[in-house]
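Per-entry structural report
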Amino acid sequence: MISKIIAEELITKVKKEIDKAEKIVIVAHVGPDGDAMGSTLALWHYLMTIEKEPVVIVPTPFPNFLNWMPGAECVLVYENYKERSDELINSAELIFTLDFNTPSRMAKMADAVINASAPKILVDHHLHPADFAKVAISYPEISSTSELIFRLICRMGDFSKINLACAECIYTGMMTDTGGFTYNSNGQEIYIIIAELIKLGIDKDDIYRKVFNTYSEDRLRLMGFCLFHKMKVFPEYKTALITVTGKELYQFNFQNGDAEGFVNIPLSISGVDFSVFMREDTDKIKISLRSQGTFPANKVAADLFNGGGHLNAAGGESYSTLAETIKKFEDALPDYKDFLE
Ligand code: 5GP
Ligand code: MN
């Protein structure tokens, strides 16, 4: 038995909303990651088995290494199919918002979702959920939204409706948001849930291989380039910084998702507890931050880069140049010395 984390009254409310609705839109955040895709698709599969009409819409494309996910071919990308997406969002009877806490994380899709008349149900594990949903299932202590979806379905009495495809999606989200169960992953019940998913037929080793071991040669060479030429270590601050320009990315034929996970690598250096990766995008600098122990990556993201996230995994953006962004970060580093263990 797993414990009842989600409050009973929330389960009742969600069940009621699902019962009332046929057309259900499920959305996730911009730059969807494994948990965004895992949780939305898991819910999609579940809603299909109970004969609803669900559709998953994400603001921007998801990385290629998630293409294999069952149902991925049916996911609508808002920026590519804006008109159709707006139509679906407007005519939805219920909207699930998964794996993000604030409308701005939906980027250009935010207005459509917020202005839609359908009630919203938020399911998420980020701190400080904004107040836009009729029902908010927000549990930051849970390491993935996909795990929350598993818990939600079970608590609605529908464990038997979790098919293999749904189970694979849940596992993918749980695995990716914990770096293959290497951080944020001491919750005992994670492993009880995995055992249940294995009983449902998932091949966890195969999922790991499909997500983490199917990269392109270009990505591996870009990784080598970043580590050899672009990584700066600040031993006195137990910090590493990797920065990469748009031009450099172009030289390595950069594809969506190619830099995924780079930010974690410097944490494997003894004495490095905080790692930051900055990537020049077309209109902004995208910043990923990771830490070990009690160092608050999310505080740095919020203080410096208008972002947020979890204690050990956070992100943000900068609209200054890369050089200015680097300088801002390096100048601010001494301010965080007290947080180092
Ligand atoms: P990543 O580095 O993988 O893009 O993001 C790691 C985590 O940081 C995400 O799961 C999310 O919680 C958070 N995050 C990433 N980008 C942003 C951002 O721009 N704003 C906020 N508030 N959180 C972000
Ligand atoms: Mn997540």
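Shown above is the structure to which this text applies.
Residues numbered from 1 in each chain as written. Chains lettered and ligands numbered in written order. Predicted model: local features only at pLDDT ≥ 70, side-chain atom pairs only at ≥ 80, totals over all residues. Heavy atoms only, no water.

**Some points on the overall build of the protein chain**
The helix and strand inventory of the protein chain stands at 12 helices and 12 strands. Based on the C-alpha atoms only, the size of the protein chain along its principal axes is roughly 55 × 45 × 40 Å. Across the protein chain, every contact between residues at least 6 apart in sequence was considered, and the portion connecting residues at least 24 apart equals 66%. (Helix = DSSP H or I, 4+ residues; strand = E, 2+ residues; numbered from the N terminus. Contact = heavy atoms within 4.5 Å.)

**Remarks on the sheet that holds strand β2 (residues 53-58)**
The six strands lie next to each other as β3-β2-β1-β4-β5-β6, forming an open sheet whose pairing is parallel. Edge strands, defined here as strands with exactly one partner in the open sheet, are β3 (76-77) and β6 (135-138). Bridging between strand β4 (residues 94-98) and strand β5 (residues 120-124) involves four bridges; their strand directions are parallel. What sits directly across from F96, in β5, is I121. Contacts between helix α2 (residues 34-49) and the sheet are confined to β1 (23-27), β2 and β4, with β2 contributing the most and set at about 165° to the helix. Packing against the sheet, helix α5 (residues 145-155) makes contact with β4, β5 and β6, and its axis sits at approximately 120° to β5. (Pairing = 2+ DSSP bridges. Axes fitted to C-alpha atoms, helices over the stretch in contact; angles between N-to-C directions.)

**Digging into the packing of aromatic side chains**
Summed over the entire model, instances satisfying the criterion amount to 13 aromatic pairs. Measuring from ring centre to ring centre gives 6.3 Å for F150 and F159, while their planes differ by 80°; the resulting arrangement is edge-to-face. On the basis of relative accessible area, F150 is assigned to the buried category, the value being 3%. The exposure class assigned to F159 is partly exposed, which follows from its relative accessible area of 31%. Among the aromatic residues, those joined into a cluster by ring pairs are F274, F295, F305, F329, Y336 and F339. Here R219 stacks its cationic end above the ring of Y215, 3.4 Å away from the centre of that ring. (Phe/Tyr/Trp six-rings, centres within 6.5 Å; stacked < 30°, edge-to-face > 60°. Buried < 20%, exposed > 50% of the residue type's maximum accessible area, 1.4 Å probe, protein only. Lys NZ or Arg CZ within 6 Å of the ring centre and 35° of its normal.)

**Quick word on the nonpolar core**
The biggest cluster of nonpolar side chains holds 58 residues, and the ones touching the most others in it are V14, L41, F96, V123, I137 and L197. Among the elements that take part in this core, α2 stands out by supplying eight residues, more than any other. In terms of nonpolar packing, the next biggest core, distinct from the first, is built from 23 residues, M278, A297, F305 and I326 among them. (Core = buried A, V, L, I, M, F, W, Y, C linked by side-chain atoms within 4.5 Å.)

**A look at the coordination of the manganese ion (ligand 2)**
Around the manganese ion (ligand 2), the protein contributes the donor atoms D35 (OD), D99 (OD), H125 (NE2) and D177 (OD), at 2.1 to 2.3 Å from the metal centre. Of note, the donors binding the manganese ion (ligand 2) are all from one chain and are spaced D-x63-D-x25-H-x51-D. Taken together, the residues H125 in the loop between β5 and β6 and D177 in the loop between α6 (164-176) and α7 (188-199) connect sequence positions 52 residues apart. For the pair H125 and D177, one class covers both residues: buried. (Donors = N, O, S within 2.8 Å, 3.2 Å for Na, K, Ca; no water.)

**So, unusual backbone geometry**
Even without being glycine, N253 reaches a positive phi, approximately 55°. For N253, the location among the structural elements is in the loop between α10 (246-251) and β9 (274-280). At N306, a residue that is not glycine, the phi angle is positive and equals roughly 55°. Within the fold, N306 resides in the loop between α11 (297-305) and β11 (308-309). Overall, the relative accessible area of 72% leaves N306 in the exposed class.

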